[in-house]
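Examining the three-dimensional arrangement
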Amino acid sequence: VLGELLTGFSIIFTWENLLIIMLGAVVGIAIGALPGLGPTVGTALMLPITFGMEPVSAIVLLVAVYMTAEYGGSITAILIATPGTTAATATVVDGYELTKKGLPGKALGASLTASTVGGIITTFVLVLFAVPLMSFALKFGPAEYFALGVFGLSLVASLSGKSLAKGLLMAILGLLIASIGLDPLTGQPRFTFGSIYLYEGVPLIAALIGLYALSEVFVMFLSKNENKNKTKSVARDYISFKEFKGLLPVILQSSFIGSIVGVIPGAGGSIAAWLAYQQSKRIAKDKEEYGKGALSGVAAPEASNNATVGGALIPLLSLGIPGSPTTAILLGAFMLHGLSPGVDLMETDAEIFYGIVVGLLVTCIFMFIIGYFMTNFWVKIISIPQSIIAPIVFAISIIGVFSIRNSMFDVYIALALGVLGFFLRKFNFPLAPIVLALVLGGMIESNLRRSLLISEGSWMIFLTNPISLVLIIISVLTFFIPIINSFKESKGKTQSM
Amino acid sequence: MRIGNIVFSTFLIILLGGAYYSTLQLPPSLNPNAPGSAYAPRVYIISGIILCTIIIFNSIKEKTKEKFELNNRFYLYVFLSVVYFIAISFIGYYISTILILLSLLLLLGMRKWSSLLLIPVCYSIFVYAVFDLVIGLPIP
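Just so it is clear, the structure is predicted and the values come from calculations on it, not from any experiment.

1. A few points about the pattern of salt bridges
Residue and element names in this part refer to chain A.
- Counted according to the given criterion, the structure contains nine salt bridges over all chains.
- As a salt-bridge pair, Glu97 and Lys100 come within 3.3 Å of each other at their nearest N and O atoms. Remark: Lys100 and Glu97 occur in helix 5 (residues 89–100); sequence separation between them is three residues, near one turn of the helix.
- By relative accessible area, Glu97 is classed as partly exposed at 23%.
- Overall, the relative accessible area of 55% leaves Lys100 in the exposed class.
- Here the salt bridges do not stand alone but share partners, grouping Asp183, Arg190, Glu445 and Arg449 into one network.

2. So, helix 11 (residues 241–263) of chain A
Residue and element names in this part refer to chain A.
- Compared with the 33 Å implied by 1.5 Å per residue over 23 residues, the 32 Å span of helix 11 between its first and last C-alpha is a close match.
- Leu247 marks the point of greatest bend in helix 11, at about 45°, and the proline Pro249 comes within the next four residues.
- Of all the residues in helix 11, the buried ones are Gly246, Leu247, Val250, Ile251, Ser254, Ser255, Ile257, Gly258, Ser259, Val261 and Gly262.
- The inward-facing, buried residues of helix 11 contact helix 6 (104–137), helix 12 (268–283) and helix 13 (295–319).

3. What to know about the interface of chain A and chain B
- If you look at the interface, chain A gives 56 residues, while chain B gives 61 residues.
- Both sides together, the interface formed by chain A and chain B hides about 5,100 Å², and carbon and sulfur atoms give 81% of it.
- Together, Phe221(A), Ile399(A) and Phe427(A) form the three largest contributors to the area buried by chain A at its contact with chain B, with a combined 12%.
- At the junction of chain A and chain B, the tally comes to zero salt bridges.
- Connecting chain A to chain B are seven residue pairs in polar contact (both at pLDDT 80 or more).
- At the level of elements, helix 9 (164–178), strand 2 (189–190), helix 10 (204–222), helix 18 (386–405), helix 19 (408–426) and helix 20 (432–454) of chain A are the ones that each hand at least two residues to the side of chain A that touches chain B.
- Take the side of chain A that touches chain B: its biggest share by element is 11 residues, from helix 18 of chain A.
- Its residues assigned to classes, the side of chain A that touches chain B shows 40 nonpolar, eight polar and eight charged.

Rules used throughout
- Residues numbered from 1 in each chain as written.
- Chains lettered and ligands numbered in written order.
- Predicted model: local features only at pLDDT ≥ 70, side-chain atom pairs only at ≥ 80, totals over all residues.
- Heavy atoms only, no water.
- Salt bridge = Lys/Arg side-chain N within 4 Å of Asp/Glu carboxyl O.
- Helix = DSSP H or I, 4+ residues; strand = E, 2+ residues; numbered from the N terminus.
- Buried < 20%, exposed > 50% of the residue type's maximum accessible area, 1.4 Å probe, protein only.
- Expected span 1.5 Å × (residues − 1).
- Bend = angle between axes of the 7 residues up to and from the residue.
- Contact = heavy atoms within 4.5 Å.
- Buried area = accessible area lost by both parts, 1.4 Å probe.
- Polar contact = N/O pair within 3.5 Å; in protein donor to acceptor, adjacent residues only side chain to side chain.
- Nonpolar A, V, L, I, M, F, W, Y, C, P; charged D, E, K, R; others polar.

Dropping the structure here:
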């Protein structure tokens, strides 16, 4: 591993790659700071810029945007009590209290330090777990891959929000969209309406940009709450070494919580941040200050949400399973650059894996430096009105979609899905299940049919195979546990009323 | 009653019905032991119709009445987007983009002439520099 890591260092430590990571860090923090544009939209918008880059540089750029956007979300959370990303919601509680006390610099310092340490720790967790998991995945055949796909889909229950039926319907819609194009086994065209553009299916990136970026742009177009944040400059009164030492146990604990939660597909930074916030109250030195402006209350969620990045990359890099919309875009980027995450990545492109690992470490360092020295630049960024941001995001989305296949047809698809995404948002249908199903649909169907061909039509192949059996049991538990929990919660509420 | 959910789910049922009809034209599997091309889409479609029906019933049962209002400007933005895409094929990417950005900025209330001029032009220079010069992407 050490030798491979050294190769990773030699790949990343070139002027070109260091500049790419720096660009990723600046864009990522800015996108994270802007409310409405999180890591998903950020990585989707940056994807076209990666054309022409070496595969490792392209992936490292997107991972840098992903990692730094998680920190960027805390800037608005701290300064104007509006989380830039959902993962920064918990940061508002104590972060904004510190701003009200006249200590925004301290809050930003705690957030930046915690995010950096969280990012570094999760990178080591990634190396520690992804490699053994890749070796394990060598044993996988069609039945196991089908069960893995089903496991990925079973997370729909936790991504469904208030209505499970709506979440499931969105997953079904995603699976149907994924079945458009040539049948993976027989080559028979399905739902193509005679259009050759649809033979390869609905392009994933166009679909994701449409569903996430364009639908958000439509929301921004119609939103009346114009940005009137005229935040003053922030003094760089950074946290002292003594304060850092006091925060360290909380940061370490939260980093591990984030890394573990990140591995669980569907859980995401928001859950990790709240969990870390709650858990940090037990060990924080300033626990009496929680809710009134505790530095630990800022450090815990921020260390945790950045730590989810490495965790989320574990199933993506080792098994090729994305657990969130952002990792789905990363999967799309891998495919676009001719790479397939999973066992093949380690067998044929191990240097890319280690390049990503080293790239993550360098990203954390750049995030710290850029975050520290450009504090007042972020303050200016968040003052840009939505009437400027929305048209620019719209235009970047369009050129981004076009550039993937040089096709205007893809642009129309993105617009159609953008309109669909807008209505889905309006009627409170969750978007994440569509994305998950869209990514996993092809894998589930082709491996189901291959397995049934092998077993001559017997469905017992999924239960007699130990790995697939375990995965199916985990899937059933993953699907039903959130349902049982929410049922218990609602029962508890009605009893207490 | 949630009107939006009912309308949307009904629309989806019709769409799913059409998709089911389209699967009838797919040939059956050549191997009797394995499902054919139509198998998975049909499972999805039937599940989708059942789920839409559940959502419609739940929405009818809902005690709170939810109004469905959509700002007419939404259609204007969608219309402008389509016009923009068509214009790209006729007058080229850069001119269309400058015009659409200008229109969007005006519609969103921007009245400062400097911003109205600078934003579309700077954006076009950015696209030219990054996509045309650096990446070498054929801009439409």
